[in-house]
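# Structural description and commentary
What follows is the residue order along each chain.
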Amino acid sequence: MHRVLSTLGRGFKERIGWKRVGIAASLLIIGFAITTLVHTLKGVDTGVILVALTEKSPGQIALAALCVIGAFCTLTFYDFFALRTIGKTHVPYRIAALSSFTSYTIGHNIGATVFTGGAIRFRIYSDYGLNAIDVAKICFISGLTFWLGNAFVLGIGLAWHPQAASAMDLLPPAVNRLIALGLLAGIAIYFTWLSMGKTRRELGQNGWKVVLPSWRLTLLQILIGVVDLGFCALAMYLLMPAQPDIDFVSLAVVFILATLLGFASHAPGSLGVFDAAMLVALPQFGREQLVATLVVFRILYFMIPFAISITIMGMRELWLNIVQPWQDRRKSNGLRATSATAVPQRVKRRSMRG
């Protein structure tokens, strides 16, 4: 039996592979989401959407924008925490913040975050002596922060309001509560595993090993993820229509599930997937009003940060590849000119002495 399973496993890796399975799953999620979105938006009045957009007060949008800023400020600690975890203490916070913000916003908006975000991180951290393996470790620790935060908040939310996810996953509230307890139990088992080790736990082999945070630092890790998600969910909550009423925890559960589906799809900006999930999970709201809310949220959380990141990275590349080399050439030419004029003056002084 073992030989059969091993043979099947080798055949699966050689002929199919997990990469192709992942691509197929992403395409399936995107296709299903687009179909659902088209069906949901059928008959929606664009004029009503425009009216709903004008009903968003400046104060409402400003508070949501402040929450988005808080989310991205928290996001900067993803890389900073990862750098300290792998022992790269010489990289300052400002560089970690730059890398975390730009890699997330550009990678998530373009799609294939693992590759695009990793490439941006490597471009920034290579100036500080980090190699590809170091960047891979940073991506892993940052991803772990994100998923631990999601699992914890989703576990608490589903245990409290299991019916909030039923419209999306089509499961009875009792099953959703069991899933929540499973998530929380998984986190508890992970903490137990970390705390029982004589030294800090390691993952990986064959020259690629990442040292995991201690159980005490993992508490901080989860806190970073929870605060980030909390700010994001609060921004969406502030933009929601006043009627019908919805509590924050229920909205947070729907928001996290929609976000996770968007990440799993690898669609640029989770476009179509996140929106379809929100529309399906919140049928009690008018479609036009909810679409208007999603439009404003996309502008605040996706479009503006993406434009800022592109500008920052463009200016950085302009400085590193054009301005700085020009300044260096100018300085070196000035030094050569100074040394060239200094030699004749020394010769002239010697001749006068003679």
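Presented here is an overview of the structure given in this document.

Thresholds, definitions, all that
- Residues numbered from 1 in each chain as written.
- Predicted model: local features only at pLDDT ≥ 70, side-chain atom pairs only at ≥ 80, totals over all residues.
- Heavy atoms only, no water.
- Helix = DSSP H or I, 4+ residues; strand = E, 2+ residues; numbered from the N terminus.
- Contact = heavy atoms within 4.5 Å.
- Areas by Shrake-Rupley, 256 points an atom, 1.4 Å probe, with all protein chains shown as cover.
- Phe/Tyr/Trp six-rings, centres within 6.5 Å; stacked < 30°, edge-to-face > 60°.
- Buried < 20%, exposed > 50% of the residue type's maximum accessible area, 1.4 Å probe, protein only.
- Expected span 1.5 Å × (residues − 1).
- Polar contact = N/O pair within 3.5 Å; in protein donor to acceptor, adjacent residues only side chain to side chain.
- Core = buried A, V, L, I, M, F, W, Y, C linked by side-chain atoms within 4.5 Å.
- Axes fitted to C-alpha atoms, helices over the stretch in contact; angles between N-to-C directions.
- Parallel < 35°, antiparallel > 145°, perpendicular 65-115°, else oblique.
- Nonpolar A, V, L, I, M, F, W, Y, C, P; charged D, E, K, R; others polar.

## Topic: the overall build of the protein
Secondary structure summary: the protein contains 13 helices and two strands in total. Relative to all contacts within the protein whose residues are 6 or more apart in sequence, the contacts with residues 24 or more apart total 70%. When the accessible surface of the protein is totalled, it reaches about 19,500 Å², and 70% of it is carbon and sulfur.

## Concerning the packing of aromatic side chains
What the rule picks out here adds up to 15 aromatic pairs. For the pair F77 and Y93, a centre-to-centre distance of 5.4 Å together with 35° between the ring planes defines the contact as tilted. Highlighted residues: F77 in helix α4 (residues 58-85) and Y93 in helix α5 (residues 93-110), separated in sequence by 16 residues. Y93 sits in the partly exposed class, given a relative accessible area of 35%. Measuring from ring centre to ring centre gives 5.7 Å for F255 and F297, while their planes differ by 85°; the resulting arrangement is edge-to-face. You can see F255 sitting in helix α11 (residues 248-265) and its partner F297 sitting in helix α13 (residues 287-353), a full 42 residues away along the chain. As far as burial versus exposure is concerned, F255 and F297 are alike and both buried.

## A look at α5
For α5, with 18 residues, the first-to-last C-alpha span of 25 Å sits near the 26 Å given by 1.5 Å per residue. Taking burial as the measure, the 18 residues of α5 include 15 buried ones, the bulk of the element.

## Points about unusual backbone geometry
With an omega of -5°, the peptide bond running from Q243 to P244 counts as cis. Locating P244 in the fold gives a position in the loop between α10 (215-239) and α11. At L170, a residue that is not glycine, the phi angle is positive and equals roughly 60°. Judged by its relative accessible area of 73%, L170 is exposed.

## Quick word on the side chain of S103
Mapped onto the elements of the fold, S103 is located in helix α5. Within polar-contact distance, the side chain of S103 engages the backbone oxygen of S99 at 2.6 Å. Reaching out from S103, the side chain makes a polar contact with the backbone oxygen of S100 at a distance of 3.3 Å. Excluding residues within four positions of it along the chain, S103 makes contact with H108, G117, I120 and R121.

## Concerning the nonpolar core
With 71 residues, the main nonpolar core has Y125, M236, F274, M278, L282, F297 and Y301 as its most contacted residues. Membership of the second largest hydrophobic core comes to nine residues, among which are L144, F191, L194 and L212.

## What to know about the packing of α10 against α11
Packing of α10 against α11 brings their axes to within 9 Å, and their N-to-C directions diverge by 110°. Relative to α11, the element α10 is oriented roughly perpendicular. Note on element contacts: α11 touches α10 through F248, L251, A252, F255 and I256, opposite L229, G230, C232, A233, L234, M236 and Y237. Of the residues belonging to the contact of α10 with α11, the class tally is eleven nonpolar, one polar and no charged.

## As for α11
Between its first and last C-alpha, α11 extends 26 Å over 18 residues, near the 26 Å set by a 1.5 Å rise per residue. Most of α11 is tucked away: 15 of the 18 residues are buried. Capping the start of α11 is the job of one residue whose side-chain oxygen sits 3.3 Å from the backbone nitrogen of V249: D247. Following α11 by one or two positions, H266 has its phi on the positive side, about 60°.

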